[in-house]
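# Fold and contact review
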Amino acid sequence: MQPQAARMRMPSGRAGVAVKAALLSLLVVLASVASLGASGGQNNGNATGAKETKGIIVTVSPSSRSLDQGQSAAFDVTISSAGGFGGTVTLSAAGVPSGATAAWSPSSGVLTTGSSTKVTLTVSTNPTTPAGKFDFTVTATGGNLQSNAAKAQLHVKEVKRNFGVSGSLTGALAPGLSLPIDLQISNPENKAIAVTNLSASISQVVRTPGAVAAGLPCGAADYAITQYTGTYPITVQPGATSLSALGVPQGSWPRISMLDTLQLQDGCKGATLEFTYSGTGQAN
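Parameters at a glance
Residues numbered from 1 in each chain as written. Predicted model: local features only at pLDDT ≥ 70, side-chain atom pairs only at ≥ 80, totals over all residues. Heavy atoms only, no water. Pairing = 2+ DSSP bridges. Helix = DSSP H or I, 4+ residues; strand = E, 2+ residues; numbered from the N terminus. Axes fitted to C-alpha atoms, helices over the stretch in contact; angles between N-to-C directions. Core = buried A, V, L, I, M, F, W, Y, C linked by side-chain atoms within 4.5 Å. Buried < 20%, exposed > 50% of the residue type's maximum accessible area, 1.4 Å probe, protein only. Contact = heavy atoms within 4.5 Å. Polar contact = N/O pair within 3.5 Å; in protein donor to acceptor, adjacent residues only side chain to side chain. 1 Å grid on protein atoms, 1.4 Å probe; cavity = no way out; pocket = protein on both sides within 12 Å on 5 of 7 lines; lining within 4 Å. Points joined across faces, edges and corners; volume = space filled by probe spheres on them. Nonpolar A, V, L, I, M, F, W, Y, C, P; charged D, E, K, R; others polar.

## A short note on the sheet that holds strand 18 (residues 255-258)
If you trace the three strands from one edge of the open sheet to the other, you get 12-18-15, paired in antiparallel fashion. Single-partner strands in this sheet number two, and they are strand 12 (178-180) and strand 15 (223-226). Each adjacent strand pair in this sheet contributes to an overall mean axis angle of 20°, direction not counted.

## Notes on the environment of arginine 161
Structurally, arginine 161 can be placed in the loop between strand 10 (150-157) and strand 11 (164-166). When the C-alpha positions of arginine 161 and glycine 281 are compared, they lie 5.5 Å apart, and in sequence the two are 120 residues distant.

## So, the nonpolar core
If you look at the biggest cluster of nonpolar residues, it comprises 26 residues, and the most contacted ones within it are Tyr223, Leu243 and Ile256. At six residues, strand 14 (residues 193-206) tops the list of elements feeding residues into this core. Aside from chain neighbours lying at most four places away, what touches tyrosine 223 is Leu173, Ile202, Val205, Cys218, Ile256, Ser257, Met258, Leu259, Cys268 and Leu273. One finds Ile56, Phe75, Val138 and Ala150 within the second-largest nonpolar core, a separate group that totals 25 residues.

## Focus: the side chain of serine 242
Inspection of the secondary structure assignment puts serine 242 in strand 17 (residues 239-242). Overall, serine 242 belongs to the buried group, its relative accessible area being 7%. A polar atom in the side chain of serine 242 sits 3.0 Å from the side chain of serine 244. Looking at serine 242, its side chain comes within polar contact range of the main-chain nitrogen of alanine 245, at 3.1 Å. Sequence-distant contacts of serine 242, defined by excluding residues within four places in its chain, comprise Asp182, Leu183, Gln184 and Ile185.

## Some remarks on the layout of surface pockets
In this structure, the largest pocket spans a volume of roughly 270 Å³. Every residue lining the largest pocket is counted, 16 residues in all, and those nearest its centre are Ala172, Leu173, Tyr223, Cys268 and Ala271. Here the lining of the largest pocket is composed, by residue class, of eleven nonpolar, three polar and two charged.

Right, dumping it as structure tokens:
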């Protein structure tokens, strides 16, 4: 009887423990590498950060204001340093309506690194400033740097006031003769009015009964009107006045002329002219 070789069997449990230990060790190594990679990414981000460029930033508040013709409106302008800028800055406004002026208080500002300062922009209009909405921009300049163009809007409202205009001739017209009209202006308001336009027209020619009965014609075509040629505005205080009382030269007054035509003008003898006057006035 021959002896049989002995067989040894490793417990399956111990082999499983060795495999698990190896896998656990591999996972720890992978986790360390991943952690190292994430840390390296953060360092790279800090290293590539861009430095802020020096500059000036301007803002305007409010962005829009409304006012009547002849009034003023104020805006707050904030000037800020960016990227370490420092120095004296001056300001300008572009696009304000014609007849309006822009004034600064103070006229300039001083910035240090990271600081801000405020100035006041006052836009003043006059009675002849056109009505409407006007977009304008504000910029600041310091050294060789210029700020952004901050936008704002000015809404100018038309202001009209009631007043009366009348006038009459001081003599009789004849063919080829011209007479001035000293316009009478009445201001019922409790403040001065700036008259910005005056005009006169013939509304009717009233013939005498005899001319009508005889069928003799006469009409507005037999006359011509020269409008007021003086300067505007004409300042009229409360109450009644006239062009002569205001010191307006007679050569600037409106005039009425009777034309000397080849057509028979007997129908104009004794005729009465009726005028219509109109004008525009704004409160000062």
